[in-house]
Amino acid sequence: MDFQASHPGQQNGSSVSLVDRFGNKGAAVVTPKSEDEISEILQKANQEGKSVSIESGGSKRGYGGIKENYDYTLSMAEYKGVVEHNVGDMTVTVRAGTTITELQEFLQEHHQMIAIDPNWPDQSTIGGVIAANESGPKRLKYGSARDLVIGLRVVYPDGQVIRTGGKVVKNVAGYDMNKLFIGAMGTLGVITEITMKLRPIPKYESLVQVSASEDRIDDLKQLGVSIQDSMKEPVTLELLNPALSKKMINREAYTLLIAFEDVEKSCRDQEEWIEKHKPDGCYAEVLTQQEAQNFWKTFRSHAPNSLTDKAAEITQAVVKVASKNMDVYQIMKESKSIELEHDVSVEAHGGLGHGISHYIVSGKGEEVTAAVYHLRRITEVRKGYAVVKHLLYDLRNQIDIWGGKTSYFFLFEGIKHTIDPNNTLNHQRFIGGI
Amino acid sequence: MLKEMAASGQTAPCSSASISNYFSSDHPDENKWMDCVHCGMCLEACPTYLETGQEQHSPRGRVHLIKSVAEGKIQLNEQFADPVFQCLDCRACTTACPADVDVGGLIEEARGQIRQAMPLKGWKGAVSMFFLKGLFPYQERMHTLSGLLKFYQRSGLQKVVRKTGALKVMPDHLANMESIMPAIKPSVQKKYKDVDVIPARGVPKARVSMLTGCIMDVMFGDINQSTINVLTHNDNEVTIPKKQTCCGALHVHAGDRKTGRKLAKQNIEAFENSEKVVVNAAGCGCALKEYPELFKDDPEWKARAEAFSEKVEDVSKYLYDTGYEKPQSPLNKKITYHDACHLAHGQGVRHEPRQMLKDIPGVDYTELSNADTCCGSAGIYNITNPEMAEAVLDRKMEDVPQEVEMISMGNPGCMLQMAMGVQKYGRKSEIVHTVQLLDWAYQKDKQMIQGDRSKAAAEKG
Amino acid sequence: MFKNKKKKKTQRDPHINKLIEIVGEKEVLYEDADLLSYDCDGFTVHRAMPKAVVFPENTEEVAAIVRYCSINDIPFLARGAGTGLSGGAIPLNREVIISLVKMKHLLSVDYENRQAVVQPGFVNLKLTNSISDKGYYYAPDPSSQYVCTIGGNVAENAGGAHCLKYGVTTNHILGLEVVLPNGEIIEISEDGVPDSPGYDVMGLLTGSEGTLGIVTKITVRILKNPEGKQTVLAYFDHIEDGSRAVSDIISAGIVPAALEMMDKTAIEGVEAGSYPVGHPDDIEALLLIEVDGILAGIEEQIDQILSVCKGRNVREVKVAESEEERGRWWANRKTGFGAMGAISRDYLVQDGVIPRSKLPEVLKNISEISKESGLRIANIFHAGDGNLHPLILFDSSNPGETEKALKAGTACLKACSDVGGSITGEHGVGIEKKEEMRFVFTDEELEAQIKIREVFNPDDLLNKGKLFPTPSRCMDVKKIVKDTVAVQ
């Protein structure tokens, strides 16, 4: 191959070697600036039997993959920018390498936003977020990538460009192929452009933080249940464990983050409702507008990723736990035993209304893996699952970060084989080694 | 390939008689099915579809079949007859249909065609003959009966049925019916035999004629009496034209349009001089209103039938429209209301009887869920299609709350069927006609006034 | 139950006997007169007779039927209430129709986790009716919701008037049990746990129009009723004003729960139908706008909507004063398609989607198409999400008029796809829009989709001949040639 490939090892010694601890490393990095280039690169790699690892912001090197080295890293970092924004239609088409912050800042001028709030918006690119199906606490109200993406351009491993979906908000022409690539970890194709539904930036926002000491966590859960059973419309119902709460707001207590985004009157009305219904002995604080935004900004940066996790002495794992909505609370409660048993620290948050939780487990390597297994056991009892989203490459090889194959895994194999028969793209990055 | 299919699938509907498999006269009216776009909104309204889940037993399925005979795709045979006769004729589909397709009318026309093509034989024929030809049209026969079942036994029909082994459920079913037969009350036809005009209570505001109905007058004479009471109480003079006969609804439902026409003519003549024809049986009322349908090929009688049907009104609607006195005496009962199909779907009367009930002091009214779903009575359907009728009844009874003391309605067929349901499920609810309740409340008012008077008289004395 | 004289066992097709063995005699239809009712669904332009209709009552029976068909090379397809508008349930290949209407139970409701589990034959509106006493509802509300089944909704990825704010079926499905075309039963996201690891097969199956598998159990999300709800009806003298008001409302930062529009011809139809409201007959357009959410915030949004309408020369605009009035407005709208039967013998409904800002332009094009074809076109549609429903009114008894209508329909879809839209927003492709798929996808893109079908449905026995134009590529051409030869 004769691409303009750079060899990362030669450029920036020390930090690179730290990032390389997370694997998913290409012997050479190619940074295309056009879709044609991407297509050409893949076509050639595919023909020549080379393996390609896809990356753009680089924050997810520790997510998936039991293969340390690829022939190439295809960096999407320079394939960025808004292609089309139709203000009246509330849709945007954006190149995959655009960071979340860049996109939101662009849209802000038109009082619009993409309704997705993943971690690390400054580093994470929209392509990465979609490919890994990242979401944040606000998915309670706004949904996740699968609810927001209406169209994609994808370069297949053989270089063909395939459009899926379209540019309209409602569309059932043909199979809903968008779904195939969302959360596929780049194993089927390279997403180059993403078309998404937009929402108006809410006219007002606030955040009620209700904290309860450990012995009163049941009261907090009850509050969550009664909010859900009321006709109030929170944007988040995110429960924080005491460790994370301490880190975020310096209160070592279980804390429920209840956010509202609407016209001011409506937010105020709902804040008052919470004030009225919060259990005795709970402490509540209301942040509004900029304060609330600042909090979320901090919140989105608390978890480690492969760019920030430079600690040599401790090992950190980020685990995505999915469960039924109310099991978020049960699992978090039980996870206390993990800390005690394994000599690790656990920071956790999870959405009572959407069932996705994140656990940051820190400690010594073996302790961390043992703790992850423990967490997975607790989760699987409740028919949920635990996926490790961030962990050192060496340790990833020791535990199945996807938690085993599903009964219909043969369909995944079939899909992978039909689109990427040569395993050119992100081979072994995904469940069951596909 | 697709284009060819489009062309072949798009056969023109019955425009020339050559492809149609119908007889040339009185066949299902093309204009009736033309509006059906097969959208399916009727499905969940249809009791037989709900029961079977099969679309040939759904309104749009039946319309499709009726149309297909006209298009020469299928024959007038048993395969066609089955779904057409499984229809309860409850008209719920007419209400559900966004395009107002008259499915009921089509069904009746189709039944007429089927009966021409394949007259009823066997036990069904015998039953039908017995009720429709031998009984209902003859007031005197109806009157000499002390109960349907006795006649059934006496007529030898029972033997026929047993001998042919036609249907094991039949005797059971009729036995069930016998057990709920109401105590026979005097017929108003007989009672007012020599009275020309039954006077109004006060200054008469109108004169109305009453259709006494055949089942109603024989089995529910007290309801007819209540109807007269309520009408006269509200200053109406009432006449009972002598020559009137059975409305013919059941004949038309059964496909015997010839007898239907005969009876219709007799009634049209009997009520020629009446200004208003008040009916207390929903099925009869609906049939009278639809007489013009029977005379599509006879312009002279069609015009007379149209003039006649204009005059027909259900008693609840008549009272509601002309005003009625609200009773004073409380009737402390938990009451619900069942929409007779031919009142709600057939005549669009829903609000009036409910309002009447709510106007009686002390009535604790509960709305029945799926109130306008058929009870399975459907004329003599419960005799000809007992299994389906029972399944439909079961569904109906599931909706009746345990604690209801009275179920009110406006059709004798429903009353018998619901009485059977109440008995089958061991319920305590009493089955009543809406006008009865109003009548009872007026009676109580009267007693109270008399009581007051005698009390006053006693005090004076 | 019915005393039909049916063929004796020995006279019957052995396959029919086998199907009877699986589900029982009463649950198989095979006589022509009985099958006739299954020769089409809500799309009546094409008709074809099935081989048989079977009524399984549980997943195992479905699987057994599917396995039998698959082993014996018998084409088959699934059907719900048969209200689909694109012909997805029409048996083009003499299929065995697997009717799921007897699998019609609500299996469980879990209020705390906001989910319900239903069988595929469970009627859409019944779900809301079953949970409304606790203040919950199921959001997707296609106009046929009184009768259509949730299984059918999944197959078509059904939308509805309120999907502008709440999303379509796919956004409310949490888990599926599916019988694959080889008879294997798989369970995706059992218990409705989100983001199941692996490719989003559930997302792919939803809206696959019954070509990838047969759904036998569905876990859906249920929502709490909104605290407040206000409905506005606005009459416009000029259609252009009406369509600009649509964009203005959205641009004002309001996310209405529903934003519906009807044009003059459509109004004539609904007023002649069973649920007339009394709309003036001389207006060119009406908007039906619903806002819901926190009570305290609604008034402000309604005020904004009223002022937007006034800014677009509205003739009259009013807020529903009672639940009853609101109900009447909606019944009038929701029975709109069927009501066209009252003013036209036949109609063909199209389902194009456009970017909402292109509304005035496309409506103008559609009126041109109407003029050219000489056929009246009524527009009744979800304006908020740009989902148009041109209803082409025609009379199939006039020679050539059906073809004219089909042509006009295609032209409408072309007008939509030309402005960057789509050929279907909620009705699906089915048979109806197979060819029009080429308006929006290249051959390569179509092939990419067909390849996915082959992963699930390699022998193409399940709902064959739907969704994709024929022949779309060499392999399909070969297949068709082979099939034709075999038939001859």
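What you are looking at is a predicted structure, and each value in this text was computed from that prediction instead of being measured.

A. Structural view of the interface of chain C and chain A. With 89 residues of chain C at the contact, the number on the chain A side is 74 residues. At the boundary of chain C and chain A, one finds 11 salt bridges. Residue C:Asp110 is joined to A:Lys324 by a salt bridge in which the shortest nitrogen-to-oxygen separation is 3.6 Å. Between the two partners, chain C and chain A, sit 28 residue pairs in polar contact (both at pLDDT 80 or more). Breaking the side of chain C that touches chain A down by element, the ones donating at least two residues are β9 (185-188), α7 (201-205), α8 (239-251), α10 (295-311), α15 (437-440) and α16 (443-456) of chain C.

B. Main features of the UniProt feature "domain: FAD-binding PCMH-type" (unreviewed entry) in chain A. As recorded in UniProt, the sites labelled "domain: FAD-binding PCMH-type" (unreviewed entry) are residues 22-201 of chain A. End C-alpha atoms of residues 22-201 of chain A are separated by 37 Å, and the span's content is 23% helix alongside 28% strand.

C. Up close: helix α4 (residues 59-70) of chain B. Residues and elements named next belong to chain B. Spanning 12 residues, α4 covers 17 Å between terminal C-alpha atoms, matching the ideal 16 Å at 1.5 Å per step. Here α4 lies mainly inside the structure; 11 of its 12 residues are buried. Those residues of α4 that fall on the buried side of the exposure criterion are Pro-59, Arg-60, Gly-61, Arg-62, Val-63, His-64, Leu-65, Ile-66, Ser-68, Val-69 and Ala-70. Gly-72 occupies a position one or two residues after α4 and carries a positive phi of about 75 degrees.

D. Representation of the interface of chain B and chain C. Residue-level contacts link 46 residues of chain B with 54 residues of chain C. Taking both sides of the interface into account, the surface hidden between chain B and chain C amounts to around 4400 Å²; carbon and sulfur atoms contribute 54%. Remark: the boundary between chain B and chain C carries 3 salt bridges. The shortest N-O distance in the salt bridge between C:Lys126 and B:Glu44 comes to 3.3 Å. Inspection of the region where chain B meets chain C yields 16 residue pairs in polar contact (both at pLDDT 80 or more). Put simply, the parts of the chain that give the side of chain B that touches chain C at least two residues each are α1 (2-9), α2 (30-34), α3 (47-52), α4, α5 (78-86) and α25 (386-399) of chain B. By residue number, the principal contributor to the side of chain B that touches chain C is α4(B), which donates 6 residues. Partitioned by chemical class, the residues of the side of chain B that touches chain C number 19 nonpolar, 15 polar and 12 charged.

E. Structural detail: the sheet that holds strand β7 (residues 406-409) of chain B. Residues and elements named next belong to chain B. If you trace the 4 strands from one edge of the open sheet to the other, you get β6-β5-β7-β8, paired in parallel fashion. The open sheet has two edge strands, β6 (363-366) and β8 (430-433), and neither has a second partner. Neighbour to neighbour, the strand axes of the sheet diverge by 35 degrees on average, direction disregarded. Relative to β6, strand β5 (residues 333-337) is paired through 4 bridges, and the arrangement is parallel. Note that in β6 the partner of Lys-334 across the bridge is Asp-364. Contacts from helix α26 (residues 412-424) reach β7 and β8 within the one sheet, and its direction differs from that of β8 by about 170 degrees.

F. Region of the structure containing the nonpolar core. In terms of nonpolar packing, the biggest core is built from 216 residues, with A:Ile114, A:Leu180, A:Ile194, A:Ile258, A:Ile415 and C:Phe456 touching the most fellow members. Not counting residues within four places of it along the chain, the set of residues in contact with A:Ile258 comprises A:Ser206, A:Leu207, A:Val208, A:Val210, A:Leu223, A:Ile227, A:Pro234, A:Thr236, A:Leu237 and A:Ile274. Among the nonpolar cores identified, the runner-up in size contains 77 residues, and B:Phe295, B:Val312, B:Cys375 and B:Met415 belong to it.

G. Structural context of the packing of aromatic side chains. In total, this model carries 17 aromatic pairs over all chains according to the counting rule given. An angle of 75 degrees between the planes, with centres 6.4 Å apart, marks the rings of C:Tyr38 and C:Phe55 as edge-to-face. Highlighted residues: C:Tyr38 in the loop between α2 (32-35) and β2 (52-54) and C:Phe55 in the loop between β2 and α3 (59-71), separated in sequence by 17 residues. Residue C:Tyr38 is classed as buried on the basis of its relative accessible area, which comes to 1%. An aromatic cluster of at least three residues, connected via ring pairs, comprises A:Tyr63, A:Trp402, A:Tyr408, A:Phe409, A:Phe412, A:Phe430 and C:Tyr199. Above the face of the A:Tyr70 ring, A:Lys67 is positioned so that its terminal group lies 5.3 Å from the ring centre. Directly above the aromatic system of C:Trp330 lies the positively charged group of C:Lys334, at a separation of 5.9 Å from the ring centroid.

Criteria and thresholds
Here the residue index of a chain counts from 1 through its sequence in written order. Here every chain gets a letter starting at A, and every ligand a number starting at 1, in the order they are written. Local features are withheld for residues below a pLDDT of 70 in this predicted model, meaning they are given only at 70 or higher, and side-chain atom pairs are given and counted only at 80 or more; totals for whole chains, interfaces and linings count all residues. Side-chain calculation: all heavy atoms of the structure are included, whereas hydrogens and water are not. Contacts are residue-level and defined by heavy atoms, with any inter-residue pair within 4.5 Å sufficient. When a carboxyl oxygen of Asp or Glu is within 4 Å of a side-chain nitrogen of Lys or Arg, the pair counts as a salt bridge. Here a polar contact is recorded for every N or O atom pair within 3.5 Å, except that within protein the pair must consist of a potential hydrogen donor and a potential acceptor, and residues adjacent in sequence are included only if both atoms are side-chain atoms. Only DSSP runs of H or I covering at least 4 residues are called helices, and only runs of E covering at least 2 are called strands; the numbering of each starts at the N terminus. UniProt positions are given in the numbering used here, feature names are shortened, and annotations may be inferred rather than shown by experiment. A helix is expected to span 1.5 Å multiplied by its residue count minus one. Partly exposed residues are those whose accessible area sits between 20% and 50% of the maximum for their type, while under 20% is buried and over 50% is exposed, using a 1.4 Å probe and protein chains only. Accessible area that two parts lose when put together, with a 1.4 Å probe and added across both, is what the buried area reports. Each residue receives one of three labels: charged for Asp, Glu, Lys and Arg, nonpolar for Ala, Val, Leu, Ile, Met, Phe, Trp, Tyr, Cys and Pro, and polar for the others, Gly being one of them. Two strands qualify as a pair provided DSSP detects at least 2 bridges between them. The axes used here are C-alpha line fits, helices contributing only the stretch in contact, and every angle between their N-to-C directions lies in the interval 0 to 180 degrees. Definition used in this section: a nonpolar core is a set of buried Ala, Val, Leu, Ile, Met, Phe, Trp, Tyr and Cys residues joined via side-chain atoms within 4.5 Å. A pair of aromatic rings is counted whenever rings of Phe, Tyr or Trp (Trp by its six-membered ring) have centres within 6.5 Å, and the orientation is called stacked for planes under 30 degrees apart, edge-to-face for over 60 and tilted otherwise. Geometrically, a charge over a ring is one whose NZ (Lys) or CZ (Arg) sits within 6 Å of the ring centre while staying within 35 degrees of the ring normal.

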